[in-house]
Amino acid sequence: MPSKKTGRLYIRKKLPFEVYEINLMNADDTELQIISRETGVGLSLDEMKAVQQYFKRRGRNPTDVELQTIGQTWSEHCFHKTFKGTIIFGDKEIESLFKTYIFKVTKELNPKWCFSVFEDNAGIIHFHGDYCVAVKVETHNHPSAIEPFGGAATGVGGVIRDILGVWADPIACTDVLCFGPLDFPYEKLPTGVKHPRYVYRGVTAGIGCYGNNMGIPTLNGAIRFDESYTGNVVVYCGCIGIVPLNKFQRQAEKGNVIVLAGGKTGRDGIHGVTFASAELTEESEEVSRPAVQIANPIQEEKLKRAILQIRDRKLASAITDLGGGGISCAVSETAYRFGLGASVELEKVPLKYGGLAPWEIYVSESQERMLLAVPRNHLKKVLEVFEDEDVEATPIGVYTDDGLIRVYYQSENVAEVEVSFLFNPPKAIRRAVWVPPRFEEPEFPEPKDLTSTLLNLLASPNIASKENVIRTYDHEVKGNTVLKPLHGELAGPNDAAVIKPLDDSWKGIAISCGINPNYGKIDAYWMAASNIEEAIRNNVAVGGTRIALLDNFTWGNPEKPDRLGSLVRACQACYDFAKAFETPFISGKDSLYNESPFGPVTPTLLITAVGIVEDVRNIVSMDIKAPNGLIYIVGETFQELGGSEYYVLNGFIGNSVPKVRAPQARRIIRGIQTAIEQGLIKACHDVSEGGLGVALAEMAFSGGYGVEIDLARVPVRDIIRNDFILFSESNGRFLVEVSEKSREEFESIMRGTPYGLIGIVTQSQHFCIRGLKGETVIDVSIRELMQSWKFGLEGGGSVK
Amino acid sequence: MKREEIRVLLMRVGGTNCDKETQRAFLELGAQADVFHINQIMRDKEKFLEYDALVFPGGFSYGDYVRAGAIWAKWIIAKLGREIKRFIAEEKPIIGICNGFQVLVEMGVLPAFNGISEHPEAALATNFPPGYNCRWVYIRHENHGNCVFTRRIAKNMVLRIPVAHSEGRFTFPKERENVCLERLIENDQLVFRYCHSDGKPAENVYPANPNGSFYDIAGICNREGTVLGLMPHPERAFYWWQQPDWTKRKFLPQYGDGKLILEGMLRYLEQKF
Amino acid sequence: MMFKARVEVTLKKGHIDPEGETTARLLKELGYDVKSVNVSKVFNIILKADSNEEAEAQVEEMCRRLLANPTKDNYIYSVEEVE
């Protein structure tokens, strides 16, 4: 806040409470920047000038409430300036990454089953009859870096509110987490950066705490490790909900009462938004603590119960969650959306403690709050529902039809801004360059002992079982989980989770993800392409069809052209491949400015896939089922080991990043979908990190049987080494078990795609692989493989 | 009474979260089942006594603050104590699942060696190994016929049902551990113990015993056999498709093992009333 | 009169303390020569009563009724008058 020197920039209003007039009218450029910094609004000079001009036209200075409102609405977190702004990329000028690449896919595909995409706080698609599925994935990186438990927990809470914010009943959560290496040397940690192990424990506990307490199963996820996450933990939280369309109310009108429901408002999270849009520095810890919110999942569980009753009785006309920017953003977004204005009385907001200035009340990000628009004749009933659930709910204002946001405190008008101005910030113009990094393609001889290589790969952090984390998440609550993240007695890694959300239908929802930051180090374009295909493959492997995608970007500072260059590359791939696979994007979110004393986070794109399973009785798990089953690989193996776990294990990155060959991959995916539908596939597993070798091992030890495999039968392109065939991470491949009696039918479906019958399931416990010359290259018991996999990560799965 | 006349009341409070799936199971079994928030019940206590069976579902009542189940338990004793006592005296069945089991123990309704106790006679302490744990376990039926819920389940039958909790380690006062256990067995109040898939007792080996429970205890009933509390979730092992290995099996039974326990309660009501 | 009570609920001897054991293990990992850790729970309560004795009696009752489970918990408390 203001120092003595700059005191003249702020004029205390003569009121019985604390409101300042910000002396913008006469401020020069330097002073504008000082104001932006001192008030913490985090606006650029251009933006401050736009604010100045607006108030000059109105002939007065803004109040702190007004400036803070504008700062919140225009923040990267709320407005996505980078994705909506202009980017100069080489000789190209890109008008909005979002419109040019992401939304364009959906617009061009224009599927009938998309009900509402990129409009609300969650993507909504048709599911069954009147029922729609709502999906949203959020990032909560910065708060989790400062306070891992609270940051992660409130991340989950926030995304659940996004789902409640479209009247949907949250039925499943997902989480994808990226940490620094757990064995990172303590002495190398800069001040203010927490050890990855501490962050890992805190974040996973926070995720579990929220979902478990709310009774929402956490079904799908991934955990990745990379040095660049050491100062920049990445926390993706997703939520899936279900909503009957005949109960979906979205028509706020003039005169509707603004009802604030849920937790009380305190200073928590003040400036969380602007904080998420700035780099983490050494001081972040000290400065930003108040920006971290405190989680209360039971409060949200009660809130959920009340909201679903209000939905079912159609008592409210609109709903929105309170997230970044608090009441200020929720009110003005609702007003903007329905072409309204609003009048808010801040003193009515229930507070945790006294002493909050009006602007603090208006932008506070206290958790577990929702905002409803309620027709006057329903107000009493709405308040009764909340009371019955022990939830506080308060009318705090009313929607008007004049397009103005008016804020009062004790009857004094403390803010008056036009909605149209709030939602028209000056466009950001940024420059982007992309210089392909050069990593040498390594040369090393084929190791003699591939058994130990496979065991090491299974134990490597990115591949090893995450059982000791997954078991701390309740994945069974609600009793609708048909395919669990850990499969069966032996807890194998299923490619996707499946839930059956309706009691009277066999239809299911398959949830999967794709993330491989290693590829992004070579080229973010092929990383994005691979992630899209992997998310789709994972979904298809269990029986998913009609797949929709969500994109979540975690990148460094977009004001630095190289960071932005790789972001543009990734977006280009998003268009090219989502279009090619005919999988529309239905929702997404970006988190930029992920920088720490270690530098930027490695470009990280999470693709979440949501598929429909027509009949859950047909789904396929990844474990091999019975001796004498035939094992096929479908798809070709190329010499593509750039960014592979095998190269990483040997200390290399390499350059030969896996490509996506969409036409062939599409044919394969269609074949697999048909074969699953016809019940011809006994087991199916996606081939990705660790390649064929790891995928086969997982299928074998999860099923409890051995296999005999012949590498000479694997369809390859230009590979003459056993290790490369086993560990290449080429896209477009599935491993499939088919019984002898289905052989002909399966092969006739797959005709025209590259596939190979590479071996059989054996009664023995031996995992035997013969090389190109017929020699045995791997011979190990499945028990040993499983031990490596289960105990690879911090001592493993069955003992915590 | 007839199956369709049976009225089951599932009580909930802020933080209860397994009520819907438990209700669904009772409805599937042909009984009537209502879920009510305690605020609704308090408005009409008389109505409470019209129900034939009472269920405390799983969840985190009141956030499990202080101790799991403790706040709700004390609240019920204070506000509905008389009604609950009458309910038990009439030999109407009460089942507590997971958080519900914790509530019944904190209420003194289980094990209730000498009738409802003023202070808890047992505890469901924090798991060992520590932390929340969601997994399928095997439990062996140990009761000789006293427990009305499991009369039709053969002695020593192994059931497969999931647990999901962080405070489920069944504990007696240390100095009276063995005395209490003897009484539990003598009174035929021991109902389920964690075991291996072949029925051998877990003998406190993780993960067969998922929480370090004394004597592998997973579920107990009161002296009269009409109140049952257990940590595993029968409602999550109700349908065949909820089972962990169903994609592997060729022939699937229509239902999971959890059904036996819930249906046992309804059969008792059919015969008794 | 207003009183401030501080109630500490600890585990009785002989009961294992998984949280304490885990914390001890982590602290050892961090290089501290830790012998053991016991976790207890503290409740700070502000209450109204007519006298110190009455306040103590109330707090005693709170412990017995809710804050401790005698199967595994001990409790100690102190009560002082506040403004």
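Details of the structure are given in the entry above.
Described in the following lines is the structure provided in the data block. (Residues numbered from 1 in each chain as written. Chains lettered and ligands numbered in written order. Predicted model: local features only at pLDDT ≥ 70, side-chain atom pairs only at ≥ 80, totals over all residues.)

1. Let's talk about the sheet that holds strand S4 (residues 92-95) of chain A
Residue and element names in this part refer to chain A. Ordered in space as S4-S3-S18, the 3 strands form an open sheet in which the pairing is mixed. Only two strands of the sheet have a single neighbouring strand rather than two, namely S4 and strand S18 (429-432). Put simply, the sheet's adjacent strands are angled 25° from each other on average, direction ignored. Judged from the 4 bridges that link them, strand S3 (residues 86-89) and S4 form a sheet pairing that is antiparallel. Across the sheet, residue Ile87 finds its bridge partner in S4, namely Ile94. Sitting on the sheet, helix H21 (residues 561-580) is in contact with S3, S4 and S18, with an inclination near 85° to S18. (Pairing = 2+ DSSP bridges. Helix = DSSP H or I, 4+ residues; strand = E, 2+ residues; numbered from the N terminus. Axes fitted to C-alpha atoms, helices over the stretch in contact; angles between N-to-C directions. Contact = placed C-beta atoms within 7 Å.)

2. What about the interface of chain C and chain B?
Every contact between the two is made by 15 residues of chain C and, on the other side, 20 residues of chain B. Of all the secondary-structure elements, those providing two or more residues to the side of chain C that touches chain B are helix H1 (18-29) and helix H2 (52-67) of chain C. Take the side of chain C that touches chain B: its biggest share by element is 4 residues, from H2 of chain C. Class assignment of the residues belonging to the side of chain C that touches chain B gives a composition of 5 nonpolar, 5 polar and 5 charged. (Nonpolar A, V, L, I, M, F, W, Y, C, P; charged D, E, K, R; others polar.)

3. A word on helix H26 (residues 743-750) of chain A
Count 3.6 residues to each turn of an α-helix, and residues three or four apart come out pointing the same way. Residues and elements named next belong to chain A. Taken as a whole, H26 has its buried residues at Phe746, Ile749 and Met750. Angularly, the buried residues of H26 cover 95° about the axis, an arc narrow enough to put them on a single face. The exposed set on the far side of H26, more than 90 degrees from its buried face, consists of Glu744 and Ser748. Those residues of H26 that are buried are in contact with strand S29 (630-634), helix H23 (662-677), strand S34 (734-738) and strand S35 (755-762). Where H26 ends, the next residue or the one after it, Gly752, has phi of about 95°, a positive value. (Buried ≥ 20, exposed ≤ 12 C-beta atoms within 10 Å, placed from the backbone. Arc of directions from axis to C-beta.)

4. Quick look at the arrangement of the chains
The chain pair with the greatest number of contacts, out of 2 pairs of chains in contact, is formed by chains A and B. One finds no contact between chain A and chain C; the C-alpha atoms of the two approach each other to within 9 Å at their closest.

5. Digging into the sheet that holds strand S31 (residues 683-686) of chain A
Residue and element names in this part refer to chain A. On the basis of which strands lie adjacent, the open sheet formed by 7 strands has the order S31-S34-S29-S35-S32-S36-S37 and mixed pairing. The sheet is open, and its two edges are formed by S31 and strand S37 (776-781), each paired on a single side. The mean inter-strand angle of the sheet, taken between neighbouring strand axes irrespective of direction, is 15°. Of the pairings in the sheet, the one linking strand S36 (residues 766-770) to S37 comprises 5 bridges and is antiparallel in character. Residue pairing across strands places Phe767 opposite Val780, the latter belonging to S37. Sitting on the sheet, helix H20 (residues 524-542) is in contact with S31 and S34, with an inclination near 170° to S31.

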